[in-house]
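Fold and geometry: a report
So you can see what is in the structure, the chains are spelled out below.
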Amino acid sequence: MTYRRLVLTLLIFAAGLPCTVQAKQFAIVSDKANATANLTAAELVKIFTARNRTWADGKSIRVVMRDPSSADMQLVLRKVLNMTAEQAHAFVLAHRDAIMLADTDDAVLRFVSTSPGAIGVVDLYSLTQDVNVVKIDGKLPVEQGYFLRGN
Amino acid sequence: MIWKTMVGRMIASVVCSSFLLTGVASVAQQTAPAQTNPLTAVLPLTSKSPEAKRLVEEALSLYLDRVEQEQSIEILRKAVQIDPDFAMGHEVLAQISLDSAEQVAEQEKAFATRNHATSSEQLVIGWYQDAAEHRLIPAITKMNDVLNQYPHDKWVIWMTTWWLQNQAQYERSLAVYERSGITDSPGLINNMGYAYASIRQFDKAFAMMDKYVAALPNDSNPQDSYAEILRLAGRFNQSIEHYRTSLVINPEFYSSQFGIADTYSLMGDQVRARREYEIGFQKFPLPELQQILWKTREATTYVRESDFDGAQHAFQAIADYAHSRQNSQAEADTYRQMAMCEQNPKEAMAYLGKAEAATQDGKNALKIAISQELAQILRARVELALKIGNKELANSNLARLEKMSESSDDMLIEDAYHGAAGAVLFSHHKYDQAISHLEEDANNPLSLKLLAAAYQKIGYSAGAKRTTETLTNLNDPTLEQALVVPAFRKCSDALSCGGNAKSASLKH
């Protein structure tokens, strides 16, 4: 057995070892100085598809994310970019001035935390205190109906 | 055996040698920033009493490297008695304790005394406090900040991996472990074996178990863990062999006796399973919750042989026992399970009424545990209402559940809501919407069954195939598994259930 965690409730009867795909949750992050606390899903899509390249204060937007064609990023590919993996690959290559790719979530966080105007997308469980979490449609990743949650 | 905890309690441990590097911190040291070299940095333990500090180190070593939980708890209690301001002592006890009241009280004490600790220790305490108060984002950020400061500290790795596993973040937990470079901790090896099993990478899980057995050859727990993971993989005979080995090493290791019984039940030999349960009940004096747990498993054997009268008789005895012990949640949960396997819908509805009444009694249970139980009851009522075609009842109970879910970010309550919402939407043939809910409750066989069917309905054959495989290979000795999986396997094998998921996968 695992550590003898004596359960305090009896719902254990219903619970077994999970063994399926867990829904993913992504967080949109910005640098600490960025005053934008909320974006609509439509605004987010415009930013990530390089149709909006400046923040309200005039600062340039720099998007950073992991390779959107990777397996882990399927939800972002589908809901934000609305492209196939091949299209996304070509799109990123064509917009190198506005969109950067990083190898890991840690690299995304490092870039965002040190680059004024940067915005990135990371797995919820990668979050650190070095960045702001931007709400989408008024919701944080943990809230029901959050835009970037699912399989 | 794995014990599921609903309140997300974590167990923390540490290695004695790590702390030998740190002296007793002075007040000035307490506020110093964390060591800068993450390769060697160790989380400090701050106490004004060298003896209390030594005891905590000893307890953590026993816990993580010897898997001696009860002994560790006793030592921790002594430590915080010696130094009541020992914040991390309280925190560790909060995470390790087997007593819910003690867990809550010790977490409060850890938080209240945090100013006596270093900033790093305060970060750990804040992480757990946020988690306990369901503030997930701050909890995650604090966890990662602790991890970034101490990526190779055995205790930090333990805390982080275990917390992530409780959040069902198995792959992330494994990545943290692998990056740590720590390979000699039996406690971590055990947990990583379960993490691999949770994502069905059984070869790696078995490799971990081989290491665990080699590390503690004279302990029962490695054999017991190995047995459970073999059972999850469907290797029942080997599982029983390991459970028997565990009992040879320590004849008092009762979870292995009940593990044998559970395994026979999953193998389909209910008579033998009941015989093994009885041996356990006669041989071992059990704590109340464990008595109820295995009595429930025993009752489930009747469900597996479709003897629903036998099941109700056995469950009723458990409900009566729980009532006599004033254990409201156990009583409620038992009535809920009776409702789930009752063939007469009217009777089933009455059982759910009794279950809800027991939650209103709320005796000897944490508030969150009662809320979680109520969520399960509402979900069961939604499903029953759908079964009898009472949409109004289904909708009203779903609305209650939605309200509960919105006011809490408790994972179990949310899962119950998503399972119920998915079932309602499925019944309305709104498969896309149903899928988005059912995927959120993908550890429940009832939801998995609907999910496989919903994938098939929308033509997503790969998803239907994957979900069907998951469900048919589910080897948990729970009532939900008993109610869903054996029938699903038969149906899937025979291709006789119109529109089943396997037929979808075959077309693909």
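Residues numbered from 1 in each chain as written. Chains lettered and ligands numbered in written order. Predicted model: local features only at pLDDT ≥ 70, side-chain atom pairs only at ≥ 80, totals over all residues.

**Regarding the overall build of chain A**
Each helix and strand counted, chain A has four helices and seven strands in total. Of the contacts made within chain A by residues no fewer than 6 positions apart, 64% connect residues no fewer than 24 positions apart. (Helix = DSSP H or I, 4+ residues; strand = E, 2+ residues; numbered from the N terminus. Contact = placed C-beta atoms within 7 Å.)

**Things to note about the overall build of chain B**
Looking only at helices and strands, chain B features 28 helices and zero strands. When the 508 residues of chain B are sorted by exposure, 58% land in the buried category. (Buried ≥ 20, exposed ≤ 12 C-beta atoms within 10 Å, placed from the backbone.)

**Topic: helix α4 (residues 105-114) of chain A**
Residues and elements named next belong to chain A. Restricting attention to buried positions, one finds in α4 the residues Asp-105, Val-108, Leu-109 and Val-112. Along α4, the residues classed as buried sweep out an arc of 95 degrees about the axis, all on the same side. Next to the buried residues of α4 lie β1 (24-31), β3 (62-66), β4 (99-102), β5 (118-123) and β6 (131-136). (Arc of directions from axis to C-beta.)

**Re the domain arrangement of chain B**
According to the domain assignment, chain B contains domain 1 (16-167), domain 2 (183-273) and domain 3 (442-508). Measuring from the centre of the C-alpha atoms in domain 2 of chain B to the corresponding centre in domain 3 of chain B gives 27 Å. (Domains from an automatic or database assignment.)

**Quick word on unusual backbone geometry**
Residues and elements named next belong to chain A. One non-glycine residue, Ala-50, lies in the positive phi region at around 60 degrees. Its place among the elements puts Ala-50 in the loop between α1 (41-48) and β3. Its identity as a non-glycine residue notwithstanding, Asp-137 has a phi of 50 degrees, on the positive side. Within the secondary structure, Asp-137 is located in the loop between β6 and β7 (149-150).

**Some words on the packing of helix α13 (residues 220-232) of chain B against helix α14 (residues 236-249) of chain B**
Residues and elements named next belong to chain B. Two elements in contact, α13 and α14, have axes separated by 8 Å at closest approach and are oriented at 165 degrees. Taken together, the axes of α13 and α14 lie roughly antiparallel to each other. In this structure, α13 meets α14 at a crossing whose hand is left-handed. From α13, Ser-220, Gln-223, Asp-224, Tyr-226, Ala-227, Leu-230 and Arg-231 reach across to α14, where they touch Phe-236, Gln-238, Ser-239, His-242, Tyr-243, Thr-245, Ser-246 and Ile-249. Counted by class, the contact of α13 with α14 contains six nonpolar, seven polar and two charged residues. (Axes fitted to C-alpha atoms, helices over the stretch in contact; angles between N-to-C directions. Parallel < 35°, antiparallel > 145°, perpendicular 65-115°, else oblique. Left-handed = near helix turned anticlockwise from the far one by under 90°. Nonpolar A, V, L, I, M, F, W, Y, C, P; charged D, E, K, R; others polar.)

**Some points on the nonpolar core**
Residues Ala-339, Ala-420 and Ala-454 of chain B are the most contacted members of the largest nonpolar core, which totals 182 residues. Those residues in contact with Ala-454 of chain B, other than ones at most four positions away along the chain, are Phe-426, Tyr-431, Ala-434, Ile-435 and Leu-438 of chain B. (Core = buried A, V, L, I, M, F, W, Y, C linked by C-beta atoms within 7 Å.)

**Some words on the confidence of the model for chain A**
With 85% of its residues at a pLDDT of 70 or more, chain A shows a mean pLDDT of 86. Per-residue pLDDT stays below 50 along residues 3-20 of chain A; that stretch engages in 73 contacts with residues further than four places along the chain or on separate chains. (pLDDT = per-residue confidence, 0-100.)

**Observations regarding the pairing of β6 of chain A**
All names here are of chain A. Sheet topology note: the β1/β6 ladder contains four bridges and is antiparallel. Looking at β6, one finds that Val-29 is bridged to Val-133. Inspection of the sheet shows strand β2 (residues 38-39) paired to β6 by two bridges, in the parallel sense. Along β6, the bridge assignment pairs Asn-38 with Lys-135. (Pairing = 2+ DSSP bridges.)

**Remarks on helix α11 (residues 186-198) of chain B**
Residue and element names in this part refer to chain B. Helix length check: α11 (13 residues) gives 18 Å between terminal C-alpha atoms against 18 Å at 1.5 Å per residue, within 8%. Summarising burial for α11: 13 of the 13 residues are buried, a large majority. Positioned one or two residues after α11, Arg-200 has a phi angle of 60 degrees, which is positive. (Expected span 1.5 Å × (residues − 1).)

**As for the environment of Ala-168 of chain B**
Residues and elements named next belong to chain B. The residue Ala-168 is located in the loop between α9 (154-166) and α10 (170-180) in this model. For Ala-168, a count of 18 C-beta atoms within 10 Å puts it in the partly exposed group. Separated by 27 residues in the primary sequence, Ala-168 and Ala-195 place their C-alpha atoms 9.0 Å from one another.

**Points about the environment of Glu-439 of chain B**
Residue and element names in this part refer to chain B. As for its placement among the helices and strands, Glu-439 is situated in the loop between α24 (431-438) and α25 (445-457). You can call Glu-439 buried: it has 25 C-beta atoms within 10 Å. Through-space distance from the C-alpha of Glu-439 to that of Leu-451 is 7.2 Å; in sequence the pair is 12 residues apart.

**As for the packing of α25 of chain B against helix α26 (residues 461-472) of chain B**
All names here are of chain B. The contact between α25 and α26 brings their axes to 8 Å, and the two run at 155 degrees. Classed by the angle they form, the pair α25 and α26 counts as roughly antiparallel. For α25 against α26, the interelement crossing comes out left-handed. Packed against α25, whose contacting residues are Pro-445, Leu-448, Lys-449, Leu-451, Ala-452, Tyr-455 and Gln-456, the element α26 presents Gly-463, Ala-464, Thr-467, Thr-468, Thr-470 and Leu-471 at the interface.

**Focus on the confidence of the model for chain B**
Residue and element names in this part refer to chain B. Per-residue pLDDT for chain B averages 88, and the proportion of residues at 70 or more is 90%. The low-confidence segment residues 1-35 (pLDDT under 50) makes 105 contacts with residues lying over four places distant or belonging to another chain. Counting contacts from residues 498-508, a segment whose pLDDT is below 50, to residues more than four positions away or on other chains yields 27 contacts.

**Thoughts on the pairing of β5 of chain A**
Each regular strand displays side chains that alternate between the two surfaces of the sheet. Residues and elements named next belong to chain A. In terms of burial, β5 is a largely internal element, five of the six residues being buried. As judged from the three bridges shared by β3 and β5, these two strands associate in the parallel manner. Of the residues in β5, the one forming a bridge with Val-63 is Ile-119.

**Quick word on the environment of Ser-328 of chain B**
Residue and element names in this part refer to chain B. Along the chain, the position of Ser-328 falls in helix α19 (residues 328-341). Ser-328 sits in the buried class, given 22 other C-beta atoms within 10 Å. Taking the C-alpha atoms as reference points, Ser-328 and Lys-363, separated by 35 residues in sequence, lie 5.1 Å from one another. Setting aside chain neighbours within four positions, we find Ser-328 in contact with Ala-358, Thr-359, Asp-361, Gly-362, Lys-363, Asn-364 and Ala-365.

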